[in-house]
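Coordinate inspection notes
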Amino acid sequence: MMNENAKTGVTKKTQYVVSNWKMNGTVALLNEAIAIWQKAASHVNWIFCPSATLISYTKTHFPDVILGGQNCSAKTSGAFTGDISADQLVDVGGTYVIVGHSECRQNHHDTNADVAAKAVAAQQAGLIPIICIGESEATYIAGQTLAYLKQQVDESLVSVQGEFLLAYEPIWAIGTGKTATLDDIAGVHSFLREQLPTTPLLYGGSVSADNARAILAVDNVDGVLVGGASLKVADFRTILTSADKNVG
Ligand code: PGA
């Protein structure tokens, strides 16, 4: 997505950096990461998704930080031990929520229909869902990536009507150090852009201090969803700085 800078007339990209801390992180690390963000990135849309246990603390101490949950229930309340509703995320200061992450699809058996239901529940609560899709290594090797993603998009977006972000995260690239090639990312993102002309499109999967700048420069990449590297403060700083350079 492009923005024209009113003063310079220069058209640059909107850049999102989503930190997905997964089941990691402490108050001490959070204080360090936020100090880095406060110094490093003036224009990047940083969305911080720590464990739910850290959201309320963050909002209280750093009200400017935009926060997201890592998952939510499709239900609004009830006897669902261990689950968190979208309303509860809103209650502690959440603005976004990741749904359909491959770890939830794999470990919790979330189907595309479940992901769509969670995204709709999130929107009804006033959250903006960050909907994740991505193919397995076998699908990638078989050359079936686009067909697979098309089905995931169609089924994971059923009844999703308001604002959302879409993150392309090849499963084989998550936490493995193997990143999709820039050509692969460009191909997938241009395919997704045809279907979703105005949706911010993120890439995720082993984004690092070394590759973030090149990935963020790919056409139709509006930001990155970062796991492991977002927990390393020096790498996080570099990724934010890389994104900031592209912002209009
Ligand atoms: P990674 O994780 O950056 O550690 O590969 C990304 C993600 O799972 O969102």
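Residues numbered from 1 in each chain as written. Predicted model: local features only at pLDDT ≥ 70, side-chain atom pairs only at ≥ 80, totals over all residues. Heavy atoms only, no water.

A word on unusual backbone geometry. Phi at lysine 22 is positive, roughly 50°, even though this residue is not glycine. Turning to its location among the elements, lysine 22 is positioned in the loop between strand E3 (16-20) and helix H1 (27-40). Within the chain, serine 206 stands out as a residue other than glycine whose phi angle is a positive 55°. (Helix = DSSP H or I, 4+ residues; strand = E, 2+ residues; numbered from the N terminus.)

Applying the stated criterion across every chain, the model contains 5 salt bridges. For the salt bridge of lysine 22 with glutamate 103, the shortest nitrogen-to-oxygen distance reads 2.8 Å. Pair noted here: lysine 22 is in the loop between E3 and H1 and glutamate 103 is in helix H4 (residues 102-107), with a separation of 81 residues, a long-range link. The salt bridge partner of lysine 178 is glutamate 137, with a shortest N-O separation of 3.0 Å. (Salt bridge = Lys/Arg side-chain N within 4 Å of Asp/Glu carboxyl O.)

We now examine the nonpolar core. In this structure, Val17, Trp46, Ile131, Leu166, Leu192 and Leu240 are the most contacted members of the largest nonpolar core, which totals 60 residues. It is H1 that contributes the most residues to this core, 6 residues altogether. In this view, isoleucine 131 contacts Val99, Val115, Ala119, Ser156, Leu157, Val160, Phe164, Leu165, Leu166 and Ala167; residues no more than four positions away in its chain are not counted. In terms of nonpolar packing, the next biggest core, distinct from the first, is built from 13 residues, Val18, Ile130, Cys132 and Leu225 among them. (Core = buried A, V, L, I, M, F, W, Y, C linked by side-chain atoms within 4.5 Å. Buried < 20%, exposed > 50% of the residue type's maximum accessible area, 1.4 Å probe, protein only. Contact = heavy atoms within 4.5 Å.)

What follows covers the side chain of asparagine 211. Its location among the elements puts asparagine 211 in the loop between strand E9 (201-204) and helix H9 (212-216). A polar atom in the side chain of asparagine 211 sits 3.3 Å from the side chain of threonine 179. Residue contacts for asparagine 211: discarding those within four places in its chain leaves Thr179 and Ser206. (Polar contact = N/O pair within 3.5 Å; in protein donor to acceptor, adjacent residues only side chain to side chain.)

Turning to the environment of leucine 67, a few remarks are in order. Tracing the chain through its elements places leucine 67 in strand E5 (residues 66-69). Put simply, leucine 67 and phenylalanine 48 are 19 residues apart on the chain and 4.8 Å apart in space, counted from C-alpha to C-alpha.

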